[in-house]
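The primary structure of each chain is shown beneath.
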Amino acid sequence: MRTRHFPRILGFGVLFLLFLSARPLSGQSRVKVDGEGVMVWEENGAEIHGFGVNYTLPFAFAYRNAKRLGLKPEQEIDRDLYHFSRLGFDLFRVHVWDTEISDTVGNLLSNEQLKLFDYMLFKMKAQGMRMVLTPIAFWGNGWPEPDEDTPGFSHKFGKDACLTNPEAIAAQERYLAQFLNHVNPYTKIAYKDDPAILAFEVSNEPHHREAPEQVTAFINRMIAAMRGTGCQKPVFYNISHSVHLADAYFKSDMQGGTFQWYPTGLGAQRELRGNFLPNVDRYAIPFAGDPGFGRMAKYVYEFDAADVNRSYIYPAMARSFRQAGIQFATHFAYDPLYSAYANPEYNTHYMNLAYTPGKALALMISGEVFRRVPRYADLGAYPDNARFGPFRVDYAQDLAELVADTVFYYTNSTPTPHPGPEALKRIAGVGSSSVVRYDGTGAYFLDQLQPGIWRLEVMPDALPFHNPFGRNSLDQEVTKINYRAWSMSVDLPDLGGAFKVTPMNQGNTHTAVVEGNTFAVRPGVYLLARNGIQPAQKPGDRFRYHTLGAFAAPEGIPPGDLCDPRTAGRADGRFAIYRRSVCCFPGGAPIRLPLRVWPTIPPAPHCDEPGGRVPLPGGDSGKPDRPGISALPYRGRGTRPDDHVSFRGSQTALRLGLLRGKNL
């Protein structure tokens, strides 16, 4: 049902939707696609929805990198899944590298990759996530390296032949049956029966060129092989490729269609600039009015604003998905924590809580869009829909936010005051807001444990250092992690004007002296307790799916390592200003920086002089969105090696980033 009354129904609808979607993961999964193309719980007809990421550590390049770095993949999965929990992801999707876990005739191989995949699904299920699995990828396992000599049928036949060659088709039938019948040794449940696995997608991005009737027959053979195992879960098929064959898809036995969306393209090799909100104003499906399509469930298996290193865009994409009737969406792709410093695998994408904190919180907010915005809600057109219900996106401020009764999330410093901070239960942010002022650039989370006691988690600073979308490798850091203490103020009625701060995570010995509601905080986990309350919580106590003391962050550079221009340039002594990083400078002294690249200058706390305009190459200018930063004009209008800019810092810090290397 379409509605033009989204704000009116939001208040009572969201809690009901959250209740219905949070079904227990026990017993047999009873999921079906109803006559209107909606995936629902069979017992009550309630819509199921989910939002999350693609994540590929058990396979291919990500797996090889873990081995190269001498890491234990299971431990790395645990760290990343903790971040998934922090970000509220409830859905996972992967195109399984069949070429690594099958032989040429389609037998499933019991090997380390499959065992690691089983472990990951087990841990995801334990923290309440659901999955949509794509058993066949067709891909070799090399990217971005040459393919290895893998044992699978797709390596022998190749993608095109897998769609037409009788021997390859028979191998896929055998493989699909064995994959669905495979019993996960950790859960003791076959994939086909595991209630955490909502559905299957036959294969990843098939490119059909055959006659329509052959395409329909092929899809039906694959689905029949899956149904032959007794599997009753919905089966999806990709219909965003070879769209001229849409009728052939709709005539098949598939129950849902999968889509992708890359509105900024792929592979730019550089950061794309500009306001992309008009690009994502509407998710258009060319055959949306086809009666055959009307009975299909709808799932966006991959999406991203590729080569965009800003945080404002993802909730707008999620809004457009819900307007188009999409029930599920998974971003592509989340970078493992151990390799995100280099972004070596899919360099056109970049996503990790530690290394791209604002973007990660934008995905957190997008998950809430899927939970709170009804399918087919009519939310208007850009720019009027930049604010929808409790959500807002703002290109100029590089900001996405959720301001709700008990929840306040924001991806950058926000001027929006929370209307009722006394009711807040959860806060997640980057930068500052009406309830938290923070001088660092990492993400932070505040969760009320009980009246007067809050859990605070602070991630370290992420310092952009190279073009993250270029030709990357493990040998070059594109983002550095910096551990240092920053000032934080927490203004919550529940904590009052004074409170105690106690470190909780292992190895955290930081002592915070609170003056009023302000204290210095280093990355880690803390308990904040109102004066007069003695907290009984211990680090090992349960916190959601983990413990109160749980904390996952990469190792960082020593405090101050980037504060000396002589070390910042590293190779050739040249560096440049880059967006959203932190580097401390001696108070009061002008610092002359050779200018190589000039993106946007962010607002800076604790600078002594009033705000002013900052000249940029090419005649553009940037203006801080709050007082407290000043910059003296650089000499010249070009990007010659001797160009420079002078900044006058104060006793605390100037929010700058240092980027080595050539122009992006």
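Attention in this report is confined to the structure presented alongside it.

Side note on the nonpolar core
No. 1: Phe92, Phe117, Leu133, Phe179, Phe303 and Phe321 are the most contacted members of the largest nonpolar core, which has 135 residues in total.
No. 2: Of the residues forming this core, the biggest block, 8 residues, is contributed by helix 12 (residues 357–372).
No. 3: Setting aside residues no more than four positions away along its own chain, Phe179 makes contact with Val96, Ile101, Leu108, Phe117, Leu133, Pro135, Tyr191 and Phe200.
No. 4: Of all hydrophobic cores here, the second largest spans 26 residues; its members include Val436, Val458, Leu492 and Val521.

Brief notes about the pairing of strand 4 (residues 91–95)
No. 1: For strand 4, the tally of buried residues reaches 5 of 5 residues, placing the bulk of the element in the interior.
No. 2: Residue alternation in strand 4 divides its side chains into two sets, Leu91, Arg93 and His95 and Phe92 and Val94, and both sets are buried.
No. 3: Where strand 3 (residues 50–54) lies against strand 4, 3 bridges are found, and the strand directions are parallel. Counterpart to Gly52 in the pairing with strand 4 is Leu91.
No. 4: Alignment of strand 4 against strand 5 (residues 130–134), held across 5 bridges, turns out to be parallel. In the sheet register, Val94 faces strand 5, and the bridge partner there is Leu133.

Here we look at the sheet that holds strand 10 (residues 256–261)
No. 1: Taken in spatial order, the 8 strands of this closed barrel run 3-4-5-8-9-10-11-12, and their pairing is parallel. Recorded for the sheet is a direction-independent mean angle of 25 degrees between the axes of neighbouring strands.
No. 2: Note that strand 3 and strand 12 (residues 328–331) share 4 bridges and pair parallel. Across the sheet, Val53 pairs through a bridge with His331, a residue of strand 12.
No. 3: Each of strand 3, strand 11 (297–303) and strand 12 touches helix 12; the most contacted strand, strand 3, lies at about 145 degrees to it.

Quick notes on the packing of helix 7 (residues 166–181) against helix 8 (residues 212–227)
No. 1: In contact at an axis separation of 8 Å, helix 7 and helix 8 are set at 35 degrees when each is read in the N-to-C sense. Both helix 7 and helix 8 take part in a crossing whose hand is right-handed. When helix 7 is examined against helix 8, the residues Ile169, Gln172, Glu173, Leu176, Ala177 and Leu180 are found in contact with a partner set consisting of Phe218, Arg221, Met222, Ala225 and Met226.
No. 2: Of the residues that constitute the contact of helix 7 with helix 8, the class distribution is 8 nonpolar, 1 polar and 2 charged.

Comments concerning the side chain of Arg375
No. 1: Counting through the fold element by element, Arg375 comes out in the loop between helix 12 and strand 13 (387–388).
No. 2: By relative accessible area, which is 16% here, Arg375 ends up buried.
No. 3: Within the structure, Arg375 has its side chain in polar contact with the side chain of Glu47 (distance 3.4 Å).

Focus: the pattern of salt bridges
No. 1: Applying the stated rule across the entire model yields 28 salt bridges.
No. 2: The shortest N-O distance in the salt bridge between Arg93 and Glu302 comes to 3.3 Å. Linking Arg93 in strand 4 with Glu302 in strand 11, this pair joins segments that are 209 residues apart in sequence.
No. 3: Across the pair Arg530 and Asp494 runs a salt bridge, and its minimum N-O distance is 3.7 Å. Of this pair, Arg530 sits in strand 26 (residues 524–530) while Asp494 is found in the loop between strand 23 (486–490) and strand 24 (499–503), placing the two residues 36 residues apart along the sequence.
No. 4: Residues joined by salt bridges that share partners form a network here, namely Arg86, Asp447, Arg455, Glu457 and Arg544.

Looking at the packing of aromatic side chains
The way to describe two aromatic rings as a pair is by their centre distance and the angle between their planes.
No. 1: Overall, the coordinates contain 34 aromatic pairs when judged by the stated rule.
No. 2: Aromatic pair Phe259 and Phe293: ring centres 5.9 Å apart, planes at 85 degrees, arrangement edge-to-face. Remark: Phe293 occurs in helix 10 (residues 291–294) and Phe259 occurs in strand 10; sequence separation between them is 34 residues. Comparing Phe259 with Phe293 shows no difference in burial state: the two are buried.
No. 3: Ring plane angle 80 degrees and centroid distance 5.6 Å describe the contact between Tyr438 and Tyr444, whose orientation is recorded as edge-to-face. Accessibility assignment for this pair places Tyr438 and Tyr444 in one class, buried.
No. 4: Grouping aromatic residues by their ring pairs yields a cluster made of Phe51, Phe250, Phe259, Trp261, Tyr283, Phe287, Phe293, Phe303, Tyr314, Phe321 and Phe370.
No. 5: Sitting over the ring of Phe388, Arg319 keeps its end group 5.4 Å from the ring centre.

Criteria and cut-off values
- Residues numbered from 1 in each chain as written.
- Predicted model: local features only at pLDDT ≥ 70, side-chain atom pairs only at ≥ 80, totals over all residues.
- Heavy atoms only, no water.
- Core = buried A, V, L, I, M, F, W, Y, C linked by side-chain atoms within 4.5 Å.
- Buried < 20%, exposed > 50% of the residue type's maximum accessible area, 1.4 Å probe, protein only.
- Helix = DSSP H or I, 4+ residues; strand = E, 2+ residues; numbered from the N terminus.
- Contact = heavy atoms within 4.5 Å.
- Pairing = 2+ DSSP bridges.
- Axes fitted to C-alpha atoms, helices over the stretch in contact; angles between N-to-C directions.
- Left-handed = near helix turned anticlockwise from the far one by under 90°.
- Nonpolar A, V, L, I, M, F, W, Y, C, P; charged D, E, K, R; others polar.
- Polar contact = N/O pair within 3.5 Å; in protein donor to acceptor, adjacent residues only side chain to side chain.
- Salt bridge = Lys/Arg side-chain N within 4 Å of Asp/Glu carboxyl O.
- Phe/Tyr/Trp six-rings, centres within 6.5 Å; stacked < 30°, edge-to-face > 60°.
- Lys NZ or Arg CZ within 6 Å of the ring centre and 35° of its normal.

Read these as geometric descriptors, not functional statements.
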